[in-house]
Amino acid sequence: MKRLTALCLTLLLVVSLAACGQNGETPEEVTGESYAVAALKGPTAMGLVKLMHDAEQEDASFVNDYTFTLAASADEVAPLLIKGELDMACVPANLAATLYQKTDGQIVTLGINTLGVLYIVENGNAVRSMEDLSGKTIVASGKDSTPEYALNYLLEQNGVDPDTDVTIDWKSEHSECVSALATGAATIAMLPQPFVTVAQSKIPDLRVALDLTQEWDALDNGSALLTGVVVARREVVEANPGAVDAFLSDYAASVEWVNANTADAAALIGDYGIVDAAVAEQALPYCNIVCITGTEMKDKLSGYLQVLCDADSASVGGAMPGDDFYYGA
């Protein structure tokens, strides 16, 4: 028995030494990369601000080196990602699926970064349900991306034809919608946070008429309304999965800090010109900023994309993405 125990201990020692390697490195050690990352001016960028700030410090201790770009719309980001000028980007959820199809599977989703943040706001009291939008004009931005497809789906599910029963006035940026409300050119808009808070700061009587996340949940279709995800080029992922995991860990820590330190996070958000700090402080609790990865990410995202695909396959690039679209699932 003593000989058997000694033999087992010897074998364990040999295995442990082999796992550590001849130079004493552990399998967890990762060679860092330099990543160019883009985010849109909104909740996705808000969740990144702690990482953005810390990465700029001289004593930054991250495994990877990061360069961040803030953009006003996804149209600015997608071409740079496809051309390889960006390594990672925060984009609308359905755009990620469309880019996967457009690049023959060369785009991978790393995680969900924003749940539902869309709201119908009104300078009045005429809208109390999705059905009440029939016959109305809605200003909105995000055509051909998550906002349009989510709104169309919810309208259809509530018996309102988005092509004939309502007029949707599409703007290129959320700020244009806020301006239209502020000038009286529009009375109803679909806006995400933090732009809802921005609009309410300019128009005191503006009210949140509908929370589209609640409207989606009321359908009880087994899916969840999502807004944004973080994606990467497959070439980047396959070159160094360990460095990608380190990025996700850094991202998750940033999101956790932002959600736990509203005032300090709002100050950073203001410093980066994403939105005014005072607005950010009010809006952050309603922005649903997350960092969901792995199997949970796949379950939530695939369910959402399936709903969109069933309604209009073009909204996800013509077909559902394959399993290789979901990193780490």
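Preceding this section is the structure that the text describes.
This section reports on the structure supplied with the text. Worth saying up front: this structure is predicted, and the values here are computed from it rather than measured.

Turning our attention to unusual backbone geometry. The linkage connecting Gln193 with the following residue, Pro194, adopts the cis geometry, with an omega of 5 degrees. With respect to the helices and strands, Pro194 occurs in the loop between β8 (188-192) and α7 (195-202). Positive phi outside glycine occurs at Asn288, with the angle close to 50 degrees. Note that Asn288 resides in the loop between α12 (277-283) and β11 (289-292).

Here the focus is the pairing of strand β6 (residues 137-141). In terms of burial, β6 is a largely internal element, four of the five residues being buried. In the sheet, β6 pairs with strand β7 (residues 167-171) via five bridges, with the strands oriented parallel. The residue bridging Thr137 from the neighbouring strand is Thr167, located in β7.

The next thing to look at is helix α5 (residues 146-157). Here α5 contains twelve residues, and its C-alpha end-to-end distance of 16 Å stays within 8% of the 16 Å for a straight helix at 1.5 Å per residue. Taken across its twelve residues, α5 has ten buried, putting it largely inside the fold. Here α5 has its buried residues at Thr146, Pro147, Glu148, Tyr149, Ala150, Leu151, Asn152, Tyr153, Leu154 and Leu155. Just beyond α5, the residue with positive phi is Gly159, at close to 80 degrees.

This brings us to the pairing of β8. In terms of burial, β8 is largely enclosed, as five of its five residues are buried. Side chains Ile188, Met190 and Pro192 of β8 all project onto a buried face; the interleaved residues Ala189 and Leu191 project onto the opposite face, where all are buried too. Relative to β8, strand β5 (residues 118-122) runs antiparallel, the two sharing five bridges. Within β8, the residue paired with Leu118 across the bridge is Pro192.

Scoring rules and cut-offs
Think of each chain on its own: its residues are numbered from 1, step by step along the sequence as written. Local features in a predicted model are, by the rule used here, given only for residues with pLDDT of at least 70; side-chain atom pairs are given and counted only at 80 or more, and totals for whole chains, interfaces and linings are based on all residues. Neither water nor hydrogens contribute to the side-chain values; these are computed over all heavy atoms in the structure. Going along the chain from the N terminus, every DSSP run of H or I of four or more residues is numbered as a helix, and every run of E of two or more is numbered as a strand. Accessibility here uses a 1.4 Å probe with only protein chains present; expressed as a share of the type maximum, an area under 20% marks a residue as buried, one over 50% as exposed, and anything in between as partly exposed. Should DSSP find at least two bridges between two strands, the strands are regarded as paired. For a helix, the expected span equals 1.5 Å multiplied by the residue count minus one.

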